[in-house]
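This is what each chain is made of:
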Amino acid sequence: MKETPSRRAWFILAGGFLAFTISASLMHAYSVFLLAFIAEFRWSRAESSLAYSVGQVVGGISSPLVGGMVDRLGARRMVLLGGCLLALGLLGSAFATSLWQIVLLYGVVMTLGANCISMVVFAPLISRLFVARRGMAMSMLQSANGFGRAISAPIAQLMVSEVGWRHAYLMQAGIMAALVLPLAALFRGAEQTPIAKPTADSAPARDWSVAEAMRTRHFWLLLIVYGLTSIGSFLVALHQLAFAVDRGFDPLYAAFVVGLGSLLALPGVILTGTISDYIGREGAAILAYAISIIGVAAALMIDNADQHLLFWVHACFFGITWGARGPAITAKTADLFGGPRLGTILGLITIGSGLGAGLGAWGAGFLFDLTGSYQLGFMLAIAAYAMGALVFWALRKPVQE
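Quantities reported herein were computed from a predicted structural model and do not represent experimental measurements. (Residues numbered from 1 in each chain as written. Predicted model: local features only at pLDDT ≥ 70, side-chain atom pairs only at ≥ 80, totals over all residues. Heavy atoms only, no water.)

K.L.:
Could you give an account of the side chain of T344, with specific residues and numbers?
P.N.:
Turning to its location among the elements, T344 is positioned in helix α17 (residues 342–371). Discounting chain neighbours no more than four positions away, the residues touching T344 are P64, G67, G68, D71 and V210. (Helix = DSSP H or I, 4+ residues; strand = E, 2+ residues; numbered from the N terminus. Contact = heavy atoms within 4.5 Å.)

Structure, rendered in structure tokens:
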């Protein structure tokens, strides 16, 4: 008989969703500020993408450190630290006057803060509280990333349009500062919450150490999957608004469409993660890859601002699967390498995500500067998704050291 998660476990999951939504929305808002930076500083697309790319790399590289810290400090202290760093980075960004300052504040300070309020922090705790329903719980948590992205574009665009990007940063800094303590309080005593008992088919064979996990083929396959998925996603995600504006769409309209499409990530990610409990992590992930490819292919067919249907297809199909592979990857990691070192192991695997996201976000801007179009970048995104699906399928084989 499967263990029913406690009421406290559901409360912690809701707290993780709320905290992750806030941090994700602040970070994803950079796609709106990118257009403001281009207009004011006349930076190239590659230069404007640099801070975001550095942030993704820093996020990936710092994930093992964050994973190790959460194994020792717990979620409450990590949220408190992350909130303070985010507020500091946002405040400093309001007064930035050069590229290196944006790279430092967003790419390092804010990224470290957001990493302390992310899947790496919440996943080990949630995976222990929801053993038999791990895929569903991970998907609900991961959906916060897509939900945050959905609300960030229209809200940030409205703020920038009304008060300018500097005052928009100041407003965000004040909101984050006010929310730090309440968010951290949601996780008081979280680690002492009764842990769900594993069932025979959901329990890992043993408690894995970091060294043992790294000696397996599956560890490196998971890292590669994370990398390929992030390359595909971020070759498109950061530049969606810039692409739409280049095609002639109104910025506010484009932000609305992209935001609405991203909002679909909430049901999309939850559905993908939930069905992974029944059809397997691999089958659910491959389905998500296929839908993403359709979304990117639709963008490749857009030539002008009259093609609203294709723009909506692009936004909805790409948006509904934003982050959809994340729960499958995270749940698969917990399935294979459960134990007290899961946070550190997941952090190491997340390096692939950070490196892939950094390469994708900067690469799309570089390719635009080189060719004057996002076409090549979007085609490479499709190729990365296809390769990611193939590598994920290889994870179906049992773990062997």
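The structure having been displayed, the exposition proceeds.
K.L.:
Outline the packing of helix α14 (residues 281–300) against helix α16 (residues 325–337), supporting the account with residue identities and numerical values.
P.N.:
Two numbers describe how α14 lies on α16: the axes approach to 9 Å, and their chain directions differ by 160 degrees. Considered as vectors, α14 and α16 are oriented roughly antiparallel to each other. Between α14 and α16 the crossing geometry is left-handed. Contacts between α14 and α16 pair R281, E282, A285, A288, Y289 and S292 from the former with R325, A328, A331, K332 and D335 from the latter. Taken together, the residues of the contact of α14 with α16 sort by class into five nonpolar, one polar and five charged. (Axes fitted to C-alpha atoms, helices over the stretch in contact; angles between N-to-C directions. Parallel < 35°, antiparallel > 145°, perpendicular 65-115°, else oblique. Left-handed = near helix turned anticlockwise from the far one by under 90°. Nonpolar A, V, L, I, M, F, W, Y, C, P; charged D, E, K, R; others polar.)

K.L.:
Any chance you could break down helix α18 (residues 375–393) for me, citing the residues and the numbers?
P.N.:
In a regular helix each residue adds 1.5 Å, so 19 residues correspond to 27 Å; α18 covers 28 Å between its end C-alpha atoms and thus fits that length. All buried positions along α18 are accounted for by G377, F378, A381, A384, Y385, G388, A389, V391 and F392. Viewed end-on, α18 has its buried residues packed into an arc of 165 degrees, placing them on one side of the element. (Expected span 1.5 Å × (residues − 1). Buried < 20%, exposed > 50% of the residue type's maximum accessible area, 1.4 Å probe, protein only. Arc of directions from axis to C-beta.)

K.L.:
An account of a nonpolar patch on the surface is requested, with residue identities and associated values reported.
P.N.:
On the surface, L50, L359, W362, F366 and L370 cluster together to form a nonpolar patch covering roughly 460 Å² of accessible area. Counting residues per element, the nonpolar patch draws most heavily on α17, at four residues. When you line up the elements, L370 lands in helix α17. Judged by relative accessible area, which is 62%, L370 ranks as exposed. (Patch = residues over 30% accessible without salt bridge, like charges linked within 9 Å, V, L, I, M, F, W, Y side chains within 5 Å. Areas by Shrake-Rupley, 256 points an atom, 1.4 Å probe, with all protein chains shown as cover. Salt bridge = Lys/Arg side-chain N within 4 Å of Asp/Glu carboxyl O.)

K.L.:
Requested: an account of empty space enclosed by the protein, with residues and values cited.
P.N.:
Following the criterion strictly, the structure yields two cavities of 30 Å³ or more and no others. By volume, the largest cavity amounts to about 750 Å³. Around the largest cavity sit 37 residues that line it, and F20, Q56, N145, F234 and S353 are the ones nearest its centre. Those elements giving two or more residues to the lining of the largest cavity turn out to be α1 (7–28), α3 (45–73), α5 (99–115), α6 (119–129), α7 (134–163), α10 (217–234), α16 and α17. By residue number, the principal contributor to the lining of the largest cavity is α3, which donates six residues. Split into classes, the residues belonging to the lining of the largest cavity amount to 15 nonpolar, 21 polar and one charged. Lining the second largest cavity we find H28, S31, Y52, R149, S152, A153, A237, L238, Q240, L241, V258 and S262. Contributing elements (two or more residues each) for the lining of the second largest cavity: α7, α11 (240–246) and α12 (251–263). Residue contributions to the lining of the second largest cavity peak at three residues, all from α7. Residue classes in the lining of the second largest cavity are distributed as six nonpolar, five polar and one charged. (1 Å grid on protein atoms, 1.4 Å probe; cavity = no way out; pocket = protein on both sides within 12 Å on 5 of 7 lines; lining within 4 Å. Points joined across faces, edges and corners; volume = space filled by probe spheres on them.)

K.L.:
Outline the pattern of salt bridges, supporting the account with residue identities and numerical values.
P.N.:
Taken as a whole and assessed by the stated rule, the structure comprises four salt bridges. Among the salt bridges present, the one from R45 reaches D246, with a minimum N-O distance of 3.1 Å. Taken together, the positions of R45 in helix α3 and D246 in helix α11 put the pair 201 residues apart, joining distant regions of the chain. Look at D246 and you get partly exposed, because its relative accessible area is 36%. Across the pair D335 and R281 runs a salt bridge whose closest N-O atoms are separated by 2.8 Å. Placement of the pair is D335 in helix α16 and R281 in helix α14, with a sequence separation of 54 residues.

K.L.:
How would you explain the packing of aromatic side chains if you had to name every residue and give the values?
P.N.:
For any two aromatic rings, the description comes down to two numbers: the centre-to-centre distance and the angle of the planes. Applying the stated criterion across every chain, the model contains 30 aromatic pairs. Taking 5.0 Å as the distance between ring centres and 80 degrees as the angle between the ring planes, the aromatic pair formed by W10 and F130 counts as edge-to-face. Residue W10 is located in helix α1, and its partner F130 is located in the loop between α6 and α7; the two are separated by 120 residues in the primary sequence. Considering the side-chain rings of Y30 and Y52, the 5.7 Å spacing of their centres and the 35 degrees angle between planes classify their relative orientation as tilted. Residue Y30 is located in helix α2 (residues 30–41), and its partner Y52 is located in helix α3; the two are separated by 22 residues in the primary sequence. Comparing Y30 with Y52 shows no difference in burial state: the two are buried. Three or more aromatic residues joined by ring pairs form one cluster here, namely Y30, F33, F37, F41, W43, Y52, Y106, W165, Y169, F234, F318 and W322. Over the aromatic face of F368 sits the side chain of R45, whose NZ or CZ is 4.4 Å from the ring centroid. The side chain of R149 reaches across the aromatic face of W322, ending 4.4 Å from its centre. (Phe/Tyr/Trp six-rings, centres within 6.5 Å; stacked < 30°, edge-to-face > 60°. Lys NZ or Arg CZ within 6 Å of the ring centre and 35° of its normal.)

K.L.:
Quick one: what's the story with the environment of I349, residue by residue and with numbers?
P.N.:
With respect to the helices and strands, I349 occurs in helix α17. Remark: the alpha-carbon pair of I349 and T330, spanning 19 residues in sequence, is separated by 9.4 Å. Not counting chain neighbours up to four residues away, the residues in contact with I349 comprise F219, L222, L223, Y226 and T333.

K.L.:
I'd like a description of the nonpolar core, backed by residues and values.
P.N.:
Of all hydrophobic cores here, the largest spans 124 residues; its most connected members are Y30, F33, F122, M176 and F187. The element contributing the most residues to this core is α1, with nine residues. Once residues lying within four places of it in the same chain are set aside, the contact partners of Y30 are F37, S48, A51, Y52, I102, Y106, Y169 and L238. (Core = buried A, V, L, I, M, F, W, Y, C linked by side-chain atoms within 4.5 Å.)

The quantities given are spatial measurements derived from coordinates; they are silent on function.
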